[in-house]
Amino acid sequence: MASAIVVHAGERARLHLAESGLAPAHIACIPAAAGGPKGLALLPFDRLLAREWLPRMPAVELIGASIGAWRMAALAHRDAAAALDRLQHAYVREQNYGHKPSPAQVATVCRGVARAVTDGAELAPRLRDGAALSVITARARGPLQSNTRRAFGRTALDNLLARARLARHLQRVVFHAGATSRLAPEADGFDTQRVELTHANQEDALLASGSIPLICDPVHDIADAPPGDYWDGGLIDYHLQLPYAQLPGVVLYPHFVPWVTPGWLDKSLPWRARPGAHAWLANVIVIAPSAAMLARLPNGKLPDRNDFYRYGLDHAARIRDWERAIAEMQRYADEAFAWMAAPDPSVVQPL
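Residues numbered from 1 in each chain as written. Predicted model: local features only at pLDDT ≥ 70, side-chain atom pairs only at ≥ 80, totals over all residues. Heavy atoms only, no water.

### Remarks on unusual backbone geometry
Phase 1: Phi is positive for Ser66, which is not a glycine, with a value near 60°.
Phase 2: Within the secondary structure layout, Ser66 lies in the loop between β3 (60-65) and α3 (67-76).
Phase 3: One non-glycine residue, Asp119, lies in positive phi territory at about 60°.
Phase 4: Tracing the backbone through its elements, the reader meets Asp119 in the loop between α5 (103-118) and β4 (131-140). (Helix = DSSP H or I, 4+ residues; strand = E, 2+ residues; numbered from the N terminus.)

### Quick look at a nonpolar patch on the surface
Phase 1: Judged by side-chain polarity, Leu157, Leu160, Leu161 and Trp271 come together as a nonpolar surface patch covering roughly 440 Å² of accessible area.
Phase 2: Ranked by the residues each element gives to the nonpolar patch, the list is headed by helix α6 (residues 149-161), at three residues.
Phase 3: Here Trp271 shows up in helix α8 (residues 270-273). (Patch = residues over 30% accessible without salt bridge, like charges linked within 9 Å, V, L, I, M, F, W, Y side chains within 5 Å. Areas by Shrake-Rupley, 256 points an atom, 1.4 Å probe, with all protein chains shown as cover. Salt bridge = Lys/Arg side-chain N within 4 Å of Asp/Glu carboxyl O.)

### Let's talk about the pattern of salt bridges
Phase 1: By the definition in use, this model includes 20 salt bridges.
Phase 2: One salt bridge in this structure joins Asp237 and Arg172, with 2.8 Å as the shortest N-O distance. Taken together, the residues Asp237 in the loop between β8 (229-232) and β9 (250-254) and Arg172 in strand β5 (residues 170-178) connect sequence positions 65 residues apart.
Phase 3: In this structure Asp237 comes out as buried when scored by relative accessible area, which is 0%. (Buried < 20%, exposed > 50% of the residue type's maximum accessible area, 1.4 Å probe, protein only.)

### Section: the side chain of Asp204
Phase 1: Along the chain, Asp204 turns up in helix α7 (residues 202-209).
Phase 2: Classification of Asp204 by relative accessible area gives buried; the value is 18%.
Phase 3: Not counting residues up to four positions away in its chain, the partners in contact with Asp204 are Arg111, Val219 and Ile222. (Contact = heavy atoms within 4.5 Å.)

### Structural notes on helix α12 (residues 330-341)
Every α-helix carries 3.6 residues per turn, so stepping three or four residues along brings you back to the same face.
Phase 1: Its 12 residues give α12 an end-to-end C-alpha distance of 17 Å, which sits within 8% of 16 Å, the value for a rise of 1.5 Å per residue.
Phase 2: For α12, the complete set of buried residues consists of Arg331, Tyr332, Ala333, Ala336, Phe337, Trp339 and Met340. (Expected span 1.5 Å × (residues − 1).)

### Quick notes on the state of the cysteines
Phase 1: Per the stated rule, a full pass over the model turns up zero disulfides.
Phase 2: Cys216 forms no disulfide, and the closest cysteine sulfur to it belongs to Cys110, at a distance of 4.9 Å. (Disulfide = S-S within 2.5 Å.)

### What about the environment of Asn159?
Phase 1: Within the secondary structure layout, Asn159 lies in helix α6.
Phase 2: Given the relative accessible area of 1%, Asn159 is considered buried.
Phase 3: In contact with Asn159, not counting residues within four places along its chain, are Leu166, Leu265, Asp266, Leu269 and Arg272.

### A short note on the pairing of β9
Phase 1: Counting buried positions along β9 gives five out of five residues, so the element sits mostly inside the fold.
Phase 2: In β9, alternate side chains face the same way, and those of Val250, Leu252 and Pro254 on one face and Val251 and Tyr253 on the other are all buried.
Phase 3: In terms of strand pairing, β9 meets strand β10 (residues 284-289) through four bridges, oriented parallel. Counterpart to Pro254 in the pairing with β10 is Ile287. (Pairing = 2+ DSSP bridges.)

### Focus on the packing of α3 against helix α4 (residues 80-93)
Phase 1: Running from N to C, α3 and α4 cross one another at 150°; their axes reach a closest spacing of 7 Å. With respect to each other, α3 and α4 are oriented roughly antiparallel. In this structure, α3 contributes Ile67, Trp70, Arg71, Ala74 and Leu75 to the contact, and α4 contributes Ala80, Ala83, Leu84, Leu87 and Tyr91.
Phase 2: Class assignment for the residues of the contact of α3 with α4 results in nine nonpolar, no polar and one charged. (Axes fitted to C-alpha atoms, helices over the stretch in contact; angles between N-to-C directions. Parallel < 35°, antiparallel > 145°, perpendicular 65-115°, else oblique. Nonpolar A, V, L, I, M, F, W, Y, C, P; charged D, E, K, R; others polar.)

### Digging into the packing of aromatic side chains
Phase 1: Scanning all chains against the criterion turns up nine aromatic pairs.
Phase 2: Residues Trp53 and Phe337 carry aromatic rings whose centres are separated by 6.2 Å and whose planes lie at 85° to one another, so their mutual orientation is edge-to-face. With Trp53 in helix α2 (residues 43-53) and Phe337 in helix α12, this pair connects stretches of sequence that are 284 residues apart. In this pair, the class of Trp53 matches that of Phe337, namely buried.
Phase 3: With a centroid separation of 5.5 Å and an interplanar angle of 85°, the aromatic rings of Phe152 and Trp231 are classed as edge-to-face. Linking Phe152 in helix α6 with Trp231 in strand β8, this pair joins segments that are 79 residues apart in sequence.
Phase 4: The buried category is assigned to Phe152, whose relative accessible area is 11%.
Phase 5: For Trp231, a relative accessible area of 0% puts it in the buried group. (Phe/Tyr/Trp six-rings, centres within 6.5 Å; stacked < 30°, edge-to-face > 60°.)

Given below as structure tokens:
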């Protein structure tokens, strides 16, 4: 039977695997990409991670944007199994939209998903020991604060000209709880601001991290954070291309694709959607589902946002196929953990 996984790694990570293998104590960071329903496919991996490896990680950065932030907030919880179950139930079963829902309606439903992650309780005191949780959001700047299609069009045009120009429109604001973060992405021009994740702002921060422009209303004026409108963290950090090389050890990246696209607006730009090797990713190990694994899923693909249109008002069919996809991805998770326990460097491809 064809393998369910593909493994890609940076040069430093490949050397580490060849010399030292892989153990929980080697892992300094676990990133989680934005990507909407695609992130559901990684929940079986998250559950195994919470049960088998996280308890043996003395210190680990858990950082995510959008659904990745929701996954990492659940994973950082001392009772990660229950938090991941709540996330799956709310995301899969409670997003039953009518015909052409308004951005306000989508925001209301997504707030319920964000609330499910924490169960309404303060998250920070419930984090597992040694976990540093970072929730990435994007704060609007300049014309983007008007929340119009024209403003987002100008943003996309500037990003097309140069990723650095995106910083004219968006500022990275990271909400943090738990252990002190050792990852400092301040040098990339997005004027990163760090805000303590508290009971007063955790729901807004999680909601903002998954608020897709024009589909969902922004979150306004989050407590203890700079004033303004907050959007999906994936706008800046779609697959989280961050300076991981500054961290000790390796970065374990369970991902739904075997490449790291910098920003959400880059996914339609071929030269940025699948970029070449990057110095920041030298110590990163990406484990993604193989083409054979994807072929086993309903519709031959991961769940995605287009499924809301594909299934329309047939919510039962969407729920059935999304849950089947999650169940099928247990094979990916099992094979990934088998490889992690005894990594074969010969199957590792360059990242």
